[in-house]
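This is what each chain is made of:
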Amino acid sequence: MIHFHPRPSQAKVLAYSGGKMGVSAVPGSGKTTTLSALAAKLVREAKLERGQQILIVTLVNSARGKFDQTVRGFLGEGNLGTLYRVRTLHGLANDIVSERPSLVGLADDFQIVDEFEAKAILSDAVAAWFNAHRDFGVEEYFSPEHQTRDKSRRDWREKAVDIALEVIQKAKDYRWRPEDLRKARDAGAQRLPLADMMIEIYEGYERGLRYRGGVDFQDLIRLALDALDASPDYLAALQRRWPYILEDEAQDSSQLQEQILRKLAGEGGN
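(A) Just the pattern of salt bridges, in detail. Under the defined criterion, the tally for this structure stands at 21 salt bridges. Close ionic contact of aspartate 186 with arginine 185 constitutes a salt bridge, the shortest N to O distance being 2.8 Å. One salt bridge in this structure joins arginine 222 and aspartate 226, with 3.6 Å as the shortest N-O distance. Residue arginine 222 and its partner aspartate 226 are located together in helix 9 (residues 217-230), separated by four residues, close to a single helical turn. Take aspartate 226: its relative accessible area is 23%, and that puts it in the partly exposed class. Residues joined in a network through salt bridges with shared partners are Lys172, Arg175, Arg177, Glu206, Asp216, Asp219, Arg222, Asp226, Asp229 and Lys263.

Set out below in C-alpha cells:
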C-alpha cells in the first residue's frame, strides 16, 4: 500500500470534496500521485451508491495504466477496485457509443478503424484524387528548385496525406462534415483550389470508412457527444454512474472532448 505525505499545495487538492476545481501543475510536481490519492480518498469517503464509480480520464494509454496502478496502491487489498474506472478520452467515448450505438445510427457490430488503417484509407483517397485530377497544377505551390513535374507530383502526394489528415481531424473536432465544408466554400466568392482538393479527399475518406462499416477515433468523440445530445435519459444515467470526474492533462483535450466531460459532470456536478 502506498504511503503518501503530501506537500501543502498537494494537501489543498486532497481537501476537495465536490464541485468544480482546476489544478495547475508543472511536470514533476507529483500530479499523478496527487490525483490518484484524491481518487482513492473519494472512493472511500464519497458514499457511492450501487453502480456508481469515480471516473478518471487520461489522454493516453500509458497514463491510464499508471493511474490504475497508483490508485490500487492507495486503496490496498480489498474489493474497492470496482468503485473507480480509468479511461482514456477515446476509450470513454467508445464506452458511450458502444453502449447505445443506435442513438447515432450505428449497427451493434460497428468497427473501430485504428490509426494505421485510417492512414491507409486516407492514402487511397489521396491517390484516387490525383488520378482523377492529372492536370492539377501542383508546381505553383513549390519553390523553383522543386518544380520539376514528376518530383512535384510525387512530393505532393506525400504532403497531401499529412495535410488532409490535419484538415479532417480539425473538421471532425468542430463536427464539420464534408457537406458543411462545401457549403462554407460555396458561400464565398474566392476560388480555393486547395480547399476543393481537401473536401474531395475528405469525401473519399468517409466513403472508405463507410465501405468498411467503421468509424475512426475522431468519429468516436463526435458520436459520443451526439449520443449524449440525442438522449437526455442516457445522459442522466451516465451522470448518475459517474458522480465524480477527474481529468488528467486537461489542457490537451480537444473542444469536443471537453464538451463531453462537461455534459457528464452537468451544471452542478463534480
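There's more to say after this.
(B) Examining the sheet that holds strand 2 (residues 84-88) more closely. If you trace the three strands from one edge of the open sheet to the other, you get 2-1-5, paired in parallel fashion. Edge positions in the open sheet fall to strand 2 and strand 5 (244-247), since each of these has one partner strand only. Direction aside, the axes of adjacent strands within the sheet are offset by 20° on average. As paired elements, strand 1 (residues 54-58) and strand 5 share four bridges and run parallel to each other. Bridge assignment links isoleucine 54 to a residue of strand 5, and that residue is tyrosine 244. The strands touched by helix 3 (residues 61-75) are strand 1 and strand 2; relative to strand 2, the strand with the most contacts, the crossing angle is about 165°.

(C) Structural context of helix 5 (residues 115-132). When the terminal C-alpha atoms of helix 5 are compared, their 26 Å separation across 18 residues agrees well with the 26 Å that a helix rising 1.5 Å per residue should span. Residue aspartate 114 occupies the N-cap position of helix 5, its side-chain oxygen lying 3.2 Å from the main-chain nitrogen of phenylalanine 116.

(D) How the structure looks around the packing of helix 7 (residues 178-186) against helix 8 (residues 193-211). The interhelical angle for the contact between helix 7 and helix 8, taken along N-to-C directions, is 165°, at an axis separation of 9 Å. For the element pair helix 7 / helix 8, the angle class is roughly antiparallel. When the axes of helix 7 and helix 8 are compared, the crossing they make is left-handed. Across the interface between the two elements, Pro178, Leu181, Arg182 and Arg185 of helix 7 pack against Asp196, Ile199, Glu200, Tyr202, Glu203 and Glu206 of helix 8.

(E) Summary view of the environment of lysine 159. Take lysine 159: it is sitting in helix 6 (residues 149-173). Relative accessible area serves as the criterion here: at 46%, lysine 159 is assigned to the partly exposed category. Taking C-alpha positions, lysine 159 is 10.0 Å from valine 126, a pair spaced 33 residues apart along the chain.

(F) Inspection of unusual backbone geometry at higher detail. Phi at arginine 175 is positive, roughly 65°, even though this residue is not glycine. Relative to the elements of secondary structure, arginine 175 occurs in the loop between helix 6 and helix 7.

About the thresholds
Numbering of residues starts from 1 in every chain and runs along the sequence as written. Local features in this predicted model are restricted to residues whose pLDDT is 70 or higher, and side-chain atom pairs enter the listing and the counts only when it is 80 or higher, whereas totals over whole chains, interfaces and linings include all residues. Side-chain measures here rest on the full set of heavy atoms in the structure, leaving out hydrogens and waters. When a carboxyl oxygen of Asp or Glu lies within 4 Å of a side-chain nitrogen of Lys or Arg, that pair is called a salt bridge. In this description a helix means any DSSP run of H or I spanning at least four residues, a strand means any run of E spanning at least two, and both kinds are numbered starting from the N terminus. For every residue, the accessible area obtained with a 1.4 Å probe (protein chains only) is divided by the maximum for its type, and the residue is called buried under 20%, exposed over 50%, and partly exposed between those limits. Should DSSP find at least two bridges between two strands, the strands are regarded as paired. Throughout, an axis means a line fitted to C-alpha atoms (over the contacting stretch in the case of helices), and angles, computed between N-to-C directions, take values from 0 to 180 degrees. Here, residues are in contact when the closest pair of their heavy atoms is within 4.5 Å. The span one expects for a helix is its residue count, reduced by one, times 1.5 Å. Under this definition, polar contacts are N or O atom pairs within 3.5 Å; protein pairs additionally need one hydrogen-donor-capable and one acceptor-capable atom, and for neighbouring residues in sequence, both atoms have to be side-chain atoms. Note on terminology: angles under 35 degrees are roughly parallel, angles over 145 are roughly antiparallel, angles of 65 to 115 are roughly perpendicular, and the others are oblique. In this scheme the handedness of a crossing depends on how the near helix is turned from the far one: anticlockwise by less than a right angle means left-handed, clockwise means right-handed.

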